[in-house]
Amino acid sequence: MTASALIGLQWGDEGKGKMVDILAADADLVVRCQGGSNAGHTVEVGGEKSVLHLVPSGILAPEVRCLIGHGVVLDAEQLLKEIETLEARGVQVAGRLFVSDRAHLVFPVHRALDQAQESKRAKGKIGTTGKGIGPAYEDKVARCGIRVGDLMRGQDLEGRITRTLDAKRPRLESLGCSVPAVAEMRSFAEEMGRRLAPYVVDGVEVVHAARRAGERIFLEGAQGSLLDIDLGTYPFVTSSNANIGGLLSGSGLPANAVGRVVGVSKAYTTRVGSGPFPTELEDATGNRLRERGNEFGSTTGRPRRCGWFDGPAARFACAVNGVTDIALTKVDVMSGFEKIGFAVAYEGPDGQRSESVPGSVEEYAAKRPVYEWLAGWEGDLGGARREADLPASLLDYIRAVEDYCHARVRWIGVGPGREHIVDRGEA
Ligand code: IMP
């Protein structure tokens, strides 16, 4: 059985959570592979809304097992809170949720550093979520991080804590952050270790046992391709690989295990935080998309920047991820526009046109979009369940996305609920 992967094709918030809800129900094992509590997925459990940041949303499908893979940086306190909330609402978590012993931990000191660094950046604020993601990945790469397994085995925990604090001490002090005492951090880590213990596994073994058993594995991506540390709009990116490569390395699955790569994109574009965004609309149209699409961050509540669909950016994301199927979400939000902008190229200050996403953030920021104007559609699409229920101009728009991105649009999101989806079936 081949595995499937799900990736964001824009700057995050593409509606991946809803697609995971739909697609993970057919999986045996759902794996979160990268990022951390910077991700946010609003779910309805027991009639109440909650936001899951770390627990894969597959947990809501009763037969599905979920793994937080080693590519994730894990805020243990946050995870334990989510587990409590889920259990209080009747979701069975024990025995269904597993955490890789190789995953690195996010400590309060990482959150403090993230927030202090961000507030000290005069110009060039990244607009991070303040969840400590960057500093935790820094420790991982600098080889002074602490992993979940280190809490289980208790091996030289004090030495590890001393080394990780020593590596950060000068920066913490220069930012005016207090440096935690080793003993204090140790007792916190030990408590987290005790509480996490029932969930901790060898994640690579879990993934490969599932593969050997012919189970259906689903890799759940977080953030989006344009926020990828290598392929995104660096430095206005997150600190993990949000592309297919990150999902493989963060789960331990080999490339040839993945048969389907679902790319999720909104029918328009949004971005939270700073960085280039060529199709951004800082006008009434942008406000209308934000209000109608309820475009406010689920992790930080920040208003999202909104704009038209960016063809070159979406095509770039489809290409680097080898997307086999697109899920185009929130087409209902665009109902009622007479004309809809679809960026088919960029134009630089010298008037040169291009269709590629430049590596230089300065060059990208200077680009202006070149639009093709397509006819809009009208009406409440919430009841559409089949292609035949969709207006002809929306079908033309979908064809334009397919032609431009060289990938088939299989799913079309027509509203916020799980049921608000048109599935065009296998090609
Ligand atoms: P960090 O991941 O908190 O370091 O934030 C880096 C950048 O990625 C900021 O612009 C954030 O707004 C953005 N970001 C991180 N996670 C998400 C997400 O799940 N959705 C959308 N943007 C995100």
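This report concerns the structure included in the present document. Computed from a prediction, not measured in an experiment: that's the story for all the values here. Numbers given to residues run from 1 along each chain, matching the order in which its sequence is written. Restriction of local features to residues with pLDDT of at least 70 applies here, the model being predicted, together with a cutoff of 80 or more for giving and counting side-chain atom pairs; totals for whole chains, interfaces and linings are based on all residues. Side-chain descriptors were evaluated using all non-hydrogen atoms of the structure, hydrogens and water having been removed beforehand.

1. Remarks on the overall build of the chain
Okay, so step 1: Under the scheme used here, helices are H or I runs from DSSP no shorter than 4 residues and strands are E runs no shorter than 2 residues, and both carry numbers assigned from the N terminus. What the chain contains, in helices and strands, is 13 helices and 20 strands.
Okay, so step 2: The C-alpha extent of the chain, read off along each of the three principal axes, is 65 × 50 × 40 Å.
Okay, so step 3: Relative to its 427 residues, the chain shows a buried fraction of 59%.
Okay, so step 4: In this description, contact between two residues means that some pair of their heavy atoms is separated by no more than 4.5 Å. A sequence separation of at least 24 residues applies to 75% of the contacts in the chain between residues at least 6 apart.
Okay, so step 5: Residue-level accessible areas treat just the shown protein chains as cover; the underlying method is Shrake-Rupley with a 1.4 Å probe. Element-wise, carbon and sulfur atoms account for 49% of the exposed surface of the chain, whose accessible area totals about 17,200 Å².
Okay, so step 6: Only four residue types enter the tally: Lys and Arg on the positive side, Asp and Glu on the negative side, with His and both chain ends excluded. Positions of charges follow a simple convention, taking NZ of Lys, CZ of Arg, CG of Asp or CD of Glu. Each charge class in the chain can be summarised by its mean position, and for the 52 positive and 57 negative side chains these summaries are 2 Å apart. Burial here depends on accessible area, computed with a 1.4 Å probe over protein chains only, as a share of the maximum for the residue type. Under 20% is buried, over 50% is exposed, and the range in between is partly exposed.

2. Quick word on the nonpolar core
Okay, so step 1: Joining through side-chain atoms within 4.5 Å is the link that ties buried Ala, Val, Leu, Ile, Met, Phe, Trp, Tyr and Cys residues into a set, and such a set is a nonpolar core. Core analysis: the largest hydrophobic core is formed by 68 residues, its most contacted members being Leu219, Met334 and Tyr397.
Okay, so step 2: Element by element, the count of residues in this core is highest for helix H13 (residues 392–405), at 7 residues.
Okay, so step 3: Sequence-distant contacts of Met334, that is, excluding residues within four places in its chain, are made with Ala267, Tyr268, Leu289, Trp308, Ile340, Trp377 and Tyr397.
Okay, so step 4: Counting residues in each nonpolar core, the second largest holds 56 residues, with Ala61, Leu79, Leu172 and Ala189 among its members.

3. Side note on helix H1 (residues 16–24)
Okay, so step 1: Burial of H1 is extensive: 9 of the 9 residues sit out of reach of the surface.
Okay, so step 2: Taken together, the buried positions of H1 are occupied by Lys16, Gly17, Lys18, Met19, Val20, Asp21, Ile22, Leu23 and Ala24.

4. Let's talk about the pattern of salt bridges
Okay, so step 1: Basic side-chain nitrogens of Lys or Arg form a salt bridge, by our definition, when they fall within 4 Å of a carboxyl oxygen of Asp or Glu. Counted by the stated rule, this structure contains 35 salt bridges.
Okay, so step 2: When the shortest N-O distance is used, the salt bridge between Lys168 and Asp139 registers 2.4 Å. With a gap of 29 residues between them, Lys168 in helix H6 (residues 157–174) and Asp139 in helix H4 (residues 133–141) connect regions that are remote in the sequence.
Okay, so step 3: Exposure remark for Lys168: the relative accessible area of 2% places this residue in the buried category.
Okay, so step 4: Taken together, the shared-partner salt bridges in this structure form one network comprising Asp13, Lys266, Glu295, Arg304 and Lys330.

5. Overview of the environment of Ala366
Okay, so step 1: Following the sequence through the fold, Ala366 ends up in the loop between helix H12 (361–365) and strand S18 (368–375).
Okay, so step 2: The class for Ala366 is partly exposed, based on a relative accessible area of 30%.
Okay, so step 3: Ala366 sits 95 residues away from Arg271 along the chain, and the two C-alpha atoms are 17 Å apart.
Okay, so step 4: When neighbours within four sequence positions are excluded, Ala366 is seen to be in contact with Glu347 and Pro349.

6. Considering unusual backbone geometry
Trans peptide bonds make up most of the peptide bonds, and negative phi angles are found at most residues other than glycine.
Okay, so step 1: That bond from Tyr234 to Pro235 is cis: its omega, 5°, falls within 30 degrees of zero.
Okay, so step 2: Secondary-structure assignment places Pro235 in the loop between strand S10 (217–220) and helix H9 (244–249).
Okay, so step 3: Backbone geometry at Asp13 places phi at a positive 60°, although glycine is not the residue there.
Okay, so step 4: Its relative accessible area of 23% is what places Asp13 among the partly exposed residues.

7. Here we look at the site of the ligand
Okay, so step 1: Every one of the 16 residues lining the ligand counts as a neighbour, but Asp13, Asn38, Thr129, Thr238 and Arg302 are closest to it.
Okay, so step 2: A distance of 2.9 Å separates an oxygen atom of the ligand from a polar side-chain atom of Asn38.
Okay, so step 3: Protein contact buries 96% of the 470 Å² of open area that the ligand shows by itself.
Okay, so step 4: Three classes are used, and their members are as follows: Ala, Val, Leu, Ile, Met, Phe, Trp, Tyr, Cys and Pro are nonpolar, Asp, Glu, Lys and Arg are charged, and the others, Gly among them, are polar. Here the residues of the shell around the ligand sort into 6 nonpolar, 8 polar and 2 charged. Summary of the distance rule: residues count as near a molecule or strand when at least one heavy atom falls within 4 Å of that molecule or strand. Here a polar contact is recorded for every N or O atom pair within 3.5 Å, except that within protein the pair must consist of a potential hydrogen donor and a potential acceptor, and residues adjacent in sequence are included only if both atoms are side-chain atoms.

8. Re the sheet that holds strand S19 (residues 408–413)
Okay, so step 1: Strands sit in the order S9-S7-S5-S2-S10-S1-S11-S15-S19-S20 across an open sheet of 10 strands; the sheet is mixed. Looking at the sheet topology across the chains shown, the edges are occupied by strand S9 (200–201) and strand S20 (421–423).
Okay, so step 2: At least two bridges found by DSSP between two strands are what make those strands a pair. Across 4 bridges, the pairing between strand S15 (residues 325–329) and S19 is parallel. Counterpart to Asp325 in the pairing with S19 is Arg408.

9. Re the pairing of strand S16 (residues 339–347)
Okay, so step 1: Among the 9 residues in S16, 7 count as buried, and that is most of the element.
Okay, so step 2: The pairing of strand S14 (residues 309–310) with S16 spans 2 bridges and is parallel. Looking at the pairing, Asp310 lines up with Ala343 of S16.
Okay, so step 3: As paired strands, S16 and S18 are joined by 8 bridges and run antiparallel to one another. Opposite Ile340, over in S18, you have Leu374 as the bridge partner.
Okay, so step 4: Judged from the 2 bridges that link them, S16 and strand S17 (residues 353–354) form a sheet pairing that is antiparallel. Among the inter-strand pairings, Tyr346 is bridged to a residue of S17, identified as Ser354.

10. Some words on the packing of H6 against helix H7 (residues 182–196)
In helix packing, the relevant descriptors are the interaxial angle and the interaxial distance, both defined with respect to the helix axes.
Okay, so step 1: Axis lines are fitted to C-alpha atoms, over the contacting stretch for helices. Their N-to-C directions set the angle, which ranges from 0 to 180 degrees. Two elements in contact, H6 and H7, have axes separated by 10 Å at closest approach and are oriented at 120°. As the angle between them shows, H6 and H7 are arranged oblique. Between H6 and H7 the crossing geometry is right-handed. Of the residues in H7, those in contact with Leu157, Glu158, Ile161, Thr162, Thr164 and Leu165 of H6 are Val182, Met185, Arg186, Ala189 and Glu190.
Okay, so step 2: A class-by-class count of the residues in the contact of H6 with H7 yields 6 nonpolar, 2 polar and 3 charged. Each angle receives one of four descriptions, namely roughly parallel if under 35 degrees, roughly antiparallel if over 145, roughly perpendicular if within 65 to 115, and oblique otherwise. Put simply, a crossing is left-handed when the front helix is turned counterclockwise from the back one by less than a right angle, and right-handed when it is turned clockwise.

11. Thoughts on the packing of aromatic side chains
Okay, so step 1: Each Phe, Tyr or Trp ring, with Trp reduced to its six-membered ring, pairs with another whose centre is within 6.5 Å; inter-plane angles below 30 degrees give stacked pairs, above 60 give edge-to-face pairs, and intermediate values give tilted ones. Applying the stated rule across the entire model yields 10 aromatic pairs.
Okay, so step 2: Here Trp308 and Trp373 contribute two aromatic rings whose centre-to-centre distance is 6.0 Å and whose plane-to-plane angle is 90°, an arrangement assigned as edge-to-face. Note that Trp308 is positioned in the loop between strand S13 (305–307) and S14 and Trp373 in strand S18, a separation of 65 residues in sequence.
Okay, so step 3: Relative accessible area serves as the criterion here: at 5%, Trp308 is assigned to the buried category.
Okay, so step 4: Residue Trp373 is classed as partly exposed on the basis of its relative accessible area, which comes to 48%.
Okay, so step 5: Ring geometry for Tyr346 and Tyr364: centres 5.4 Å apart, planes at 70°, overall edge-to-face. Of the two residues, Tyr346 sits in strand S16 while Tyr364 sits in helix H12, which places them 18 residues apart along the sequence. Comparing Tyr346 with Tyr364 shows no difference in burial state: the two are buried.
Okay, so step 6: Of the aromatic side chains, those joined through ring pairs into one cluster are Phe309, Phe342, Trp377, Tyr397 and Tyr404.
Okay, so step 7: The aromatic ring of Phe337 is capped on one face by Arg288, whose charged end is 4.0 Å from the ring centroid. Only lysine NZ and arginine CZ atoms are considered, and such an atom sits over a ring when it is within 6 Å of the ring centre and within 35 degrees of the ring normal.

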